[in-house]
Amino acid sequence: MQYYSLNNEAPNVSFSEAVIKGLAPDRGLYLPEHITPLPKSFFENIENLDNVEIAYQAIQQFVGDEIPEIELRDILEDVLSFDFPVISVEENIGTLELFHGPTMAFKDVGARFMARCLGYFNKNNENHVTVLVATSGDTGGAVANGFLGVKGVDVVILYPTGKVSEIQEKQLTTLGQNITALEVDGVFDDCQEMVKSAFLDTSITDHKQLTSANSINVARWLPQLFYFLFAYKQIKNKNKNITFSVPSGNFGNICAGIVANKLGLPVKHFVAATNINDTVVRYLESSTYEPKPSKATISNAMDVGNPSNFIRIQNLFNNDFSSLKNSFSAYSFNDQETKEAMKVIFNESGYVADPHGAVGYLGLKKQSLGEDDYGIFLETAHPVKFLDVVEETLATQIEIPERIQKVIDKEKKSISIDSYKKLKEFLLQ
């Protein structure tokens, strides 16, 4: 499998090169040259397959022969060592829980998969690789946990000061070893821009091998397609048309869902549910893409003003605006609407949704499901990650899981920076 840059001004590369480079030299994101649908028998018999087998058959074409089958299956066995249940919330609505991994956020799968792929590619390499990643919340903790102690890999995480939850911050600032957290005076988009600039700065790359663990990296992004296959396996016997509503910030998760659809997964419609950072919502209304600086909300992982992965989505629909709108919708909701949705879900079903999941639920309600439809919203993080908001909104107490309790009392260690110049100085020191 070869990967090409979406800016079309860089050579095509292999899977391993795309993983190690992260971003193409022309600043473009990598996309697979082609996607070959899985055989119909795969979907007809999916309920008889375990998750590792489903994942292997889905990801193998994207990895090719660069990781042998035995090693790739071992990687998947390790990465997928927890559950991904669909929980019924209403008669025709369920939520796919993606928070049962080590850091209790959906990004655990992609971060762990990428870490193990990079570890495999780097096992005979004496040179260090520096993983440079920006986070608006859960990415940092998942990447830190996934790469902790990986030989030959140093991790540098940029996060916006005061704009991630306390638990999220502790998860990315307390591990030590090969993990360093840089606290940026700014918003997520500033962090992301610094990361992209570093990749193209030859005064850095001539001395350091950089790669990214954001969803711009194919090994972080593509494994998220597993979620949609795992959900289908569980609700296939309902014989309903499936609509997925995905809380969307950088749009990597929903983009991976579209790849699953290209593989043959039966999906009626995709809904990108966003908070007030509504760049894609406005684009679908006007056909003009006008990113704006991100604004802080209670669903902070979606506080992204210029989502990197949307260009991948456009390309998956052959840059055909009408084709995109036929299969893909986007809706925006404010914090008050999000809190009201959390209350409705809790009062009617007893289910505790985090703010991101609540936005996903609202996306399904806005889409208006029919009798033959089944809607699944993705619950992307455990509600404990947003403890204050959830407990205040629902007037209930949430039990803090042991793995979260362990990090709460640890000492935060971060380095404050306020410019790209400071990041560059840190990387070169």
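Attention in this report is confined to the structure presented alongside it. Bear in mind the structure is a predicted one, so any value in this text is a computation, not a measurement.

Criteria and thresholds
Residues numbered from 1 in each chain as written. Predicted model: local features only at pLDDT ≥ 70, side-chain atom pairs only at ≥ 80, totals over all residues. Heavy atoms only, no water. 1 Å grid on protein atoms, 1.4 Å probe; cavity = no way out; pocket = protein on both sides within 12 Å on 5 of 7 lines; lining within 4 Å. Points joined across faces, edges and corners; volume = space filled by probe spheres on them. Helix = DSSP H or I, 4+ residues; strand = E, 2+ residues; numbered from the N terminus. Nonpolar A, V, L, I, M, F, W, Y, C, P; charged D, E, K, R; others polar. Buried < 20%, exposed > 50% of the residue type's maximum accessible area, 1.4 Å probe, protein only. Contact = heavy atoms within 4.5 Å.

What about the layout of surface pockets?
- In this structure, the largest pocket encloses a volume near 350 Å³.
- Lining the largest pocket are 18 residues, with Ser165, Glu166, Lys385, Phe386 and Asp388 positioned closest to its centre.
- If you list the elements that add at least two residues to the lining of the largest pocket, you get α7 (166-173) and α18 (387-394).
- Taken together, the residues that form the lining of the largest pocket break down as nine nonpolar, four polar and five charged.
- Taken as a whole, the second largest pocket encloses approximately 250 Å³ of empty space.
- Lining the second largest pocket are 13 residues, with Lys21, Leu23, Phe199, Thr205 and Gln209 sitting closest to its centre.
- Mapped onto the lining of the second largest pocket, the elements with two or more residues apiece are α1 (15-21), α9 (202-205) and β9 (209-212).
- Taken together, the residues that form the lining of the second largest pocket break down as seven nonpolar, three polar and three charged.

A closer look at unusual backbone geometry
- A positive phi angle, close to 60°, is found at Met104, a residue other than glycine.
- For Met104, a relative accessible area of 6% puts it in the buried group.
- Phi is positive for Asn318, which is not a glycine, with a value near 55°.
- Locating Asn318 in the fold gives a position in the loop between α14 (310-316) and α15 (321-327).

Points about the environment of Phe426
- Along the chain, Phe426 turns up in helix α20 (residues 420-428).
- Along the sequence, Phe426 and Thr396 sit 30 residues apart, while their C-alpha atoms lie 43 Å from each other.
- Discounting residues that sit within four places of it in the chain, Phe426 has contacts with Val156, Thr180, Leu182 and Ile415.

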